[in-house]
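What the coordinates show
Residue-level listing of the chains:
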Amino acid sequence: MKYILLEMRPKQWIKNFFVFAALIFDGNLFRAEFFIPTAEMFIAFCLVSSAVYFFNDLFDVEIDRLHQTKKLRPIASGAISRRLACLCSIILAALGLILSAAVNLQCLALTSGYVILNVLYTVRLKHVVILDIMSVAACFGLRAVGGAFASSIQMTEWFMLCVMFLSLLMIIGKRRDELFQLSSNRIERGRKVLKFYSLELLDQLMSITASALVMCYCLFALDPNTRNRVAMTFTVPLVLYGVLYYLYVVRIGHRGGAPDEILWRERPILLTALIYFLFVIVARNQ
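Because the structure is a prediction, the values reported are computed rather than measured.

1. Looking at helix 12 (residues 236–251)
- An ideal rise of 1.5 Å per residue puts 22 Å on 16 residues; helix 12 measures up with 22 Å between its terminal C-alpha atoms.
- The complete set of buried residues in helix 12 reads V236, V239, V243, Y245, Y246, L247, V249 and V250.

Below, the structure is given as structure tokens:
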């Protein structure tokens, strides 16, 4: 059970908090009729994402055994047999789909799409330049949409664009760090798709994505249909600072390999995020 739990990668479940994005920005975080189905969708995504980790490590087990860190994963190290890993993947996926179906059929369709996209990513898309980062970013977008479907909240186009560009920015930052570590001989092997990228290209992609993110967020905050638009305007400097500091961390500090860990390790980003979400919760629930 210890190794099964490790393979489920509960530390990665922080990504599934994107499910609550629509609830927070709609100002219904503290209403049980909205929170409960969203929380169920969060659990469903935790289950199916863990199922995907089992499938991915099963598919890449031989390659992972040649990697200096991935070889320590339960499946690659032999702590979990392939048969047991396959069974765990099927059970976790089934439980996640059943739970999402209990929320509503839209959530079931979306969760099924998430699983299919991840299978395609593992089998093929992760080796295709540009499509690899767009596929991962799409998974974050599906989480946000899943939360909206669960709580029956209508999301604006600007909000969806913000989620998309934020996801792309984090994934590109991770690819850049992987390429930097490989080019500076800090790691022996990297993913195959890295041969199609360069640091200059990824820096340019980050600049484009960061600019688009800030622009879309400004349009979202200043949208006449946005609740407490005046209050939301004051969040723009926080978002701008967070984006700029993230670029500093990735491009100067070369610490973009684990976007979920940056939130905890970089105190300026953590503090900015806490202030931002407290401000948004107060502003949107008035």
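The structure having been displayed, the exposition proceeds.
2. Topic: the packing of aromatic side chains
- Here the structure, examined in full by the defined rule, presents 16 aromatic pairs.
- Connected via pairs of aromatic rings, a cluster forms that spans F25, F159, Y217, F220, Y276 and F277.
- Note that R143 overlies the ring of F140, its terminal NZ or CZ placed 5.0 Å from the centroid.

3. A short note on the packing of helix 6 (residues 82–103) against helix 7 (residues 105–123)
- Close contact between helix 6 and helix 7 brings their axes to 6 Å; oriented N to C, the two are set at 150°. By the angle between their directions, the pair helix 6 and helix 7 is classed as roughly antiparallel. Note on element contacts: helix 7 touches helix 6 through C107, L108, T111 and S112, opposite L97, S100, A101 and V103.
- Of the residues contributing to the contact of helix 6 with helix 7, the split by class is five nonpolar, three polar and no charged.

4. Section: the pattern of salt bridges
- This model, assessed by the stated rule, comprises 14 salt bridges.
- A salt bridge links R175 to E178, with the nearest nitrogen and oxygen atoms 3.8 Å apart. Of this pair, R175 and E178 both sit in helix 9 (residues 157–183), three residues apart, which is roughly one turn of that helix.
- The class for R175 is buried, based on a relative accessible area of 2%.
- A salt bridge links D203 to R251; the nearest nitrogen and oxygen atoms lie 3.4 Å apart. Of this pair, D203 sits in helix 10 (residues 199–221) while R251 sits in helix 12; the two residues are 48 residues apart in sequence, bridging distant segments of the chain.
- Relative accessible area serves as the criterion here: at 14%, D203 is assigned to the buried category.
- Each member of the salt-bridge network shares a partner with another, and the members are E7, R9, D57, D64 and R73.

Scoring rules and cut-offs
- Residues numbered from 1 in each chain as written.
- Predicted model: local features only at pLDDT ≥ 70, side-chain atom pairs only at ≥ 80, totals over all residues.
- Heavy atoms only, no water.
- Helix = DSSP H or I, 4+ residues; strand = E, 2+ residues; numbered from the N terminus.
- Expected span 1.5 Å × (residues − 1).
- Buried < 20%, exposed > 50% of the residue type's maximum accessible area, 1.4 Å probe, protein only.
- Phe/Tyr/Trp six-rings, centres within 6.5 Å; stacked < 30°, edge-to-face > 60°.
- Lys NZ or Arg CZ within 6 Å of the ring centre and 35° of its normal.
- Axes fitted to C-alpha atoms, helices over the stretch in contact; angles between N-to-C directions.
- Parallel < 35°, antiparallel > 145°, perpendicular 65-115°, else oblique.
- Contact = heavy atoms within 4.5 Å.
- Nonpolar A, V, L, I, M, F, W, Y, C, P; charged D, E, K, R; others polar.
- Salt bridge = Lys/Arg side-chain N within 4 Å of Asp/Glu carboxyl O.

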